[in-house]
Amino acid sequence: MKLTTLSLFLFTLNAFAQNKIVSNNGAPIEYVNIGIVGTHKGTISDEHGNSF
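Keep in mind that what you see is a predicted model, and the values were worked out from it rather than measured. (Residues numbered from 1 in each chain as written. Predicted model: local features only at pLDDT ≥ 70, side-chain atom pairs only at ≥ 80, totals over all residues. Heavy atoms only, no water.)

(A) A look at the overall build of the chain. On a plain count of helices and strands, the chain comes out with one helix and two strands. Counting across all 52 residues of the chain, residues that qualify as buried make up 8%. When contacts within the chain are restricted to residue pairs at least 6 apart in sequence, long-range pairs at least 24 apart make up 23% of them. (Helix = DSSP H or I, 4+ residues; strand = E, 2+ residues; numbered from the N terminus. Buried < 20%, exposed > 50% of the residue type's maximum accessible area, 1.4 Å probe, protein only. Contact = heavy atoms within 4.5 Å.)

Here it is in structure tokens:
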């Protein structure tokens, strides 16, 4: 039961993850690289701030 609840919670977090990289004032940031230190995970934004 706990594993199912945890899996559902993590899936929900992933579904609502931010798909746009923006500055403090909400303007999209172009061509930025974001990485997590110690892993091979990260993202890059396009000219509209969309990450993929």
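(B) How the structure looks around the side chain of serine 45. Looking at where serine 45 falls in the secondary structure, it is placed in the segment after strand 2 (42-44). When its relative accessible area of 2% is taken as the criterion, serine 45 is described as buried. For serine 45, the side chain forms a polar contact with the main-chain oxygen of isoleucine 29, separated by 3.0 Å. Within the structure, the side chain of serine 45 is placed 3.1 Å from the backbone nitrogen of tyrosine 31, a separation counted as a polar contact. Leave out the neighbours within four places in its chain, and serine 45 touches Ile21, Ile29, Glu30, Tyr31, Val32, Asn50, Ser51 and Phe52. (Polar contact = N/O pair within 3.5 Å; in protein donor to acceptor, adjacent residues only side chain to side chain.)

(C) The confidence of the model for the chain, seen in detail. Taken residue by residue, the chain gives an average pLDDT of 76. The fraction at 70 or more is 65%. Taken element by element, the chain is modelled with least confidence in helix 1 (residues 2-15), mean pLDDT 52, and with most confidence in strand 1 (residues 33-35), mean pLDDT 90. (pLDDT = per-residue confidence, 0-100.)

(D) Up close: the environment of valine 32. The residue valine 32 is located in the loop between helix 1 and strand 1 in this model. Judged by its relative accessible area of 22%, valine 32 falls in the partly exposed class. Spatially, the C-alpha atoms of valine 32 and glycine 49 are 8.1 Å apart, while their sequence positions differ by 17 residues. When neighbours within four sequence positions are excluded, valine 32 is seen to be in contact with Ile21, Thr43, Ile44 and Ser45.

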